[in-house]
Amino acid sequence: MEIALPDMVFYLFASVTVASGVLVISARNPVHSVLWLILAFFSAAGLFVLMGAEFLAMLLVVVYVGAVAVLFLFVVMMLDINFTELRQGMLQHLPLGGLVGFILLGELVALTLAWNFGEDVAKNAASPTPTDAGITNTEALGQLLYTDYIFIFQTAGLILLVAMIGAIVLTLRDRPGVRRQNIGQQVNRKPQEAFDLVDVETGKGVSLPTKKG
Amino acid sequence: MVDALYTLFGGEGQLLYVVAVVTAILAIMVPVMISVALVVYFDRKIWAAVQMRRGPNVVGPFGILQSFADALKLFLKETIIPTGANKFIFLMAPMITFTLAMISWAVIPVDAGMAIADLNVGILYILAISSLGVYGIIMSGWASNSRYAFLGALRSAAQMVSYEVSIGFVLVCVLISVGSLNLGDIVESQQGTIFNWNFIWFFPIYVIFFISALAETNRPPFDLPEAEAELVAGYQVEYSSMAFALFFLGEYANILLMSAIMAILFLGGWYAPFPFLEFIPGFIWMLIKIGIGFFMFAIVKAFVPRYRYDQLMRLGWKVFLPLSLFFVIFYAAIYVYGGLLPVRG
């Protein structure tokens, strides 16, 4: 009997995704949670590959696993978290969290049921990979993003830029009295302005001229 | 490569296909492992030659078996796990580092069509795997429960994330001229003699790529994560025996990988530099070019002093990022307004 390999791989990735998703919220140690989250991302990327969306899969790994989750891990590792204290409120907040999750689920279902595709999108939505065999899905995505949706795409980029500048502005503090290194100034310094050669007579001592800079 | 082996074996049945895949993997993996051992030896020899020492010269002819002796020694040592360490993650970290260093080789074409997997998104795959490389280091640093290891891991993670950005932009520059993310296509776009290779036309970004590759692989002058003068050995400090060996092998496999990527992106992959040299098979040229890349890695280690950490970050974010961004726009403008954009498929 031939085993359908793609099916097996699908179930493998799918079950790993779900299992690690559950472990993200049930792991005792927050660092373990983040590591499980990374595994969930990674197996989701595997699911993308199975669907033929290789470009999305690679982007998921590069952006989420390679950058976002690293920052998560950084923050969680640096924080001094009291694990037992963190656990205490668990049951208390469960109904509220459950409610939020339930509403989100309802909204997602409602959205999927009432989804209307644009005319030319409907054709492409039929399969995750472009129907034209000559086009790789990187090209297909590019041709869609940089033509029909260029303004939306650029706006999304601008929003991210604003958020980035905002984050920098929020954390920027002007601290007085901090000595900064100006590498250009250091490189341009000449020996004449940096030091003096002084002949010191024995027993006389010397008074050094004070220099600025 | 897999399909070729499959037809060579007879081309029937699923089992045979698995055999073909395993053979292809071994055909790449075994040479990589052996060259990692040799490359460690060459690294030490080059370093020694620059400092007018003799380097390893006892085990085997010219000391060439030194790395194998070292590996055997590490293999026989006791694996020590610190009391306060998080055992599972502590042991996972070196395995992850080693595995990631190996699986990137799946897409590297050593000759025309000679890659285990000829991915359409090959270069993105490499970028994805190399961005995962941070995890082995962060996990080892955290799980060791030691301040030196943790500091080294933090440094390393920040450094790798920073320099990945400029590597990404360098790749974009090259990809504009190719029009494909496939590594085979990238090499084929440089078909011909040495004058068609990318390193001439893309010289400035070739330099940026090389320096970023040094930082990405934690090589001197950017080896701050394991700066022995301040952090003992950084994230590896608590590791012994095979766990340490896995880190070590992973590190050198990554250096070789970076040399291979440089050969593919800038040095024309498997093509001969001059027409009269074309009788030499392509994979030999690939090996020679990887060797050239590695020699540069080794010689830089020998004569450049280590950077200070804030200068390293400054170089990454304030010099390389704007520079590589500028070159993306520069080359894109030339290709678009010069009407040189490649048209594919």
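All values reported here derive from a predicted model rather than from experimental measurement.

**Q** Explain the overall build of chain A to me, using residue names and the numbers behind them.
**A** Within chain A one finds 10 helices and zero strands. Tracing chain A from N to C terminus, the helices and strands come up as α-α-α-α-α-α-α-α-α-α. Sorting the 213 residues of chain A into buried and exposed places 15% on the buried side. Restricting to contacts in chain A with at least 6 residues of sequence separation, those with at least 24 account for 52%. For chain A, the accessible area works out to roughly 17,000 Å², and carbon and sulfur atoms hold 68% of it.

**Q** Give a description of the overall build of chain B that names residues and reports values.
**A** The number of helices and strands found in chain B is 13 helices and zero strands. On C-alpha atoms alone, chain B measures out to a radius of gyration of 21 Å, which is about the 20 Å that the 2.2 N^0.38 rule sets for 345 residues. For chain B, the C-alpha atoms occupy an extent of roughly 60 × 55 × 40 Å along the three principal directions. Within the span of chain B, comprising 345 residues, buried residues form 53% of the whole. A separation of at least 24 residues holds for 74% of the contacts in chain B among residues at least 6 apart in sequence. Total accessible area computed for chain B in this model is approximately 15,400 Å², and 72% of it derives from carbon and sulfur atoms.

**Q** Report on helix α6 (residues 147-178) of chain B, specifying residues and quantitative values.
**A** Residue and element names in this part refer to chain B. For α6, built from 32 residues, the straight-helix expectation of 46 Å at 1.5 Å per residue is met to within 8% by its first-to-last C-alpha distance of 46 Å. Of all 32 residues making up α6, 24 are buried, and the element is well covered by its neighbours. At the N-terminal end of α6, a side-chain oxygen is found 3.4 Å from the backbone nitrogen of Tyr148, two or three residues along, and the residue is Ser146. With its phi angle positive at about 80°, Gly179 sits one or two positions after the end of α6.

**Q** I'd like a description of the packing of aromatic side chains, backed by residues and values.
**A** If you walk through the whole model with that rule in mind, you get 27 aromatic pairs over all chains. Ring geometry for Tyr146 of chain A versus Phe153 of chain A: centroids 5.1 Å apart, planes at 75°, classification edge-to-face. Since its relative accessible area comes to 32%, Phe153 of chain A is described here as partly exposed. Considering the side-chain rings of Phe274 of chain B and Phe276 of chain B, the 6.0 Å spacing of their centres and the 10° angle between planes classify their relative orientation as stacked. Judged by its relative accessible area of 33%, Phe274 of chain B falls in the partly exposed class. Judged by its relative accessible area of 61%, Phe276 of chain B is exposed. Taken together, the ring pairs in this structure connect Trp197, Phe199, Phe203, Tyr206, Phe209 and Phe266 of chain B into an aromatic cluster.

**Q** An account of the interface of chain A and chain B is requested, with residue identities and associated values reported.
**A** Across the boundary between the two partners, chain A contributes 27 residues, which contact 27 residues of chain B. Contact with chain B buries area across many residues of chain A, yet Met58, Phe74 and Met77 of chain A alone supply 23% of it, more than any other trio. Across the contact surface, chain A and chain B share zero salt bridges. For the pair chain A and chain B, the number of links is three residue pairs in polar contact (both at pLDDT 80 or more). Those elements that provide at least two residues to the side of chain A that touches chain B are α2 (30-51), α3 (54-78) and α7 (137-145) of chain A. Looking at the side of chain A that touches chain B, the element that brings in the most residues is α3 of chain A, giving 13 residues.

**Q** If you had to explain the side chain of Gln190 of chain B to someone new, which residues and values would you point to?
**A** All names here are of chain B. Take Gln190: it is sitting in the loop between α7 (183-188) and α8 (198-201). Only 2.9 Å separates the side chain of Gln190 from the backbone nitrogen of Gly268, close enough to count as a polar contact. Not counting residues up to four positions away in its chain, the partners in contact with Gln190 are Asn196, Trp197, Asn198, Ile264, Leu265, Phe266, Leu267, Gly268 and Tyr271.

**Q** Residue-level account of the packing of α6 of chain B against helix α13 (residues 309-337) of chain B, with values.
**A** Residues and elements named next belong to chain B. For the pair α6 and α13, interaxial distance at closest approach is 9 Å and the crossing angle is 15°. Classed by the angle they form, the pair α6 and α13 counts as roughly parallel. When you trace α6 past α13, the crossing you get is left-handed. In terms of residue class, the contact of α6 with α13 is made up of 20 nonpolar, six polar and one charged.

**Q** Summarise the confidence of the model for chain B; cite the residues concerned and give the values.
**A** Regions with low pLDDT carry predicted coordinates that are not meant to be interpreted in detail. Residues and elements named next belong to chain B. Of the residues in chain B, 98% have a pLDDT of 70 or more, and the chain-wide mean is 85. Within chain B, the lowest mean pLDDT, 70, falls on helix α10 (residues 228-231), and the highest, 90, falls on helix α9 (residues 203-216). For this predicted complex, the interface confidence score (ipTM) comes to 0.78, while the overall pTM stands at 0.83.

**Q** Give a description of the nonpolar core that names residues and reports values.
**A** Ile108, Phe209 and Phe266 of chain B are the most contacted members of the largest nonpolar core, which has 122 residues in total. Contacts of Ile108 of chain B, omitting those with residues within four sequence positions, involve Met114, Ala115, Ile126, Leu183, Leu257, Ala260, Ile261, Ile264 and Met286 of chain B.

**Q** Tell me about a nonpolar patch on the surface, and name the residues and values.
**A** Residue and element names in this part refer to chain B. A cluster of nonpolar side chains, namely Val18, Val22, Leu26, Val30, Ile34, Leu65 and Phe68, defines an oily patch on the protein surface of about 580 Å² accessible area. For the nonpolar patch, the element with the most residues is helix α2 (residues 14-50), which contributes five residues. As for its position among the elements, Val30 is in helix α2.

**Q** An account of the pattern of salt bridges is requested, with residue identities and associated values reported.
**A** All names here are of chain B. Per the stated rule, a full pass over the model turns up five salt bridges over all chains. Across the pair Asp43 and Lys301 runs a salt bridge whose closest N-O atoms are separated by 3.4 Å. Here Asp43, found in helix α2, pairs with Lys301, found in helix α12 (residues 282-303); they are 258 residues apart in sequence, far enough to count as distant. Relative accessible area serves as the criterion here: at 0%, Asp43 is assigned to the buried category. Using a relative accessible area of 17% as the deciding quantity, one classes Lys301 as buried. Across the salt bridge formed by Asp70 and Arg44, the nearest N and O atoms sit 3.2 Å from each other. Of the two residues, Asp70 sits in helix α3 (residues 66-76) while Arg44 sits in helix α2, which places them 26 residues apart along the sequence. When salt bridges that share partners are traced, they join Asp43, Arg219 and Lys301 into one network.

Conventions used here
Residues numbered from 1 in each chain as written. Chains lettered and ligands numbered in written order. Predicted model: local features only at pLDDT ≥ 70, side-chain atom pairs only at ≥ 80, totals over all residues. Heavy atoms only, no water. Helix = DSSP H or I, 4+ residues; strand = E, 2+ residues; numbered from the N terminus. Buried < 20%, exposed > 50% of the residue type's maximum accessible area, 1.4 Å probe, protein only. Contact = heavy atoms within 4.5 Å. Areas by Shrake-Rupley, 256 points an atom, 1.4 Å probe, with all protein chains shown as cover. Rg over C-alpha atoms; globule rule 2.2 N^0.38 Å. Expected span 1.5 Å × (residues − 1). Polar contact = N/O pair within 3.5 Å; in protein donor to acceptor, adjacent residues only side chain to side chain. Phe/Tyr/Trp six-rings, centres within 6.5 Å; stacked < 30°, edge-to-face > 60°. Buried area = accessible area lost by both parts, 1.4 Å probe. Salt bridge = Lys/Arg side-chain N within 4 Å of Asp/Glu carboxyl O. Axes fitted to C-alpha atoms, helices over the stretch in contact; angles between N-to-C directions. Parallel < 35°, antiparallel > 145°, perpendicular 65-115°, else oblique. Left-handed = near helix turned anticlockwise from the far one by under 90°. Nonpolar A, V, L, I, M, F, W, Y, C, P; charged D, E, K, R; others polar. pLDDT = per-residue confidence, 0-100. Core = buried A, V, L, I, M, F, W, Y, C linked by side-chain atoms within 4.5 Å. Patch = residues over 30% accessible without salt bridge, like charges linked within 9 Å, V, L, I, M, F, W, Y side chains within 5 Å.

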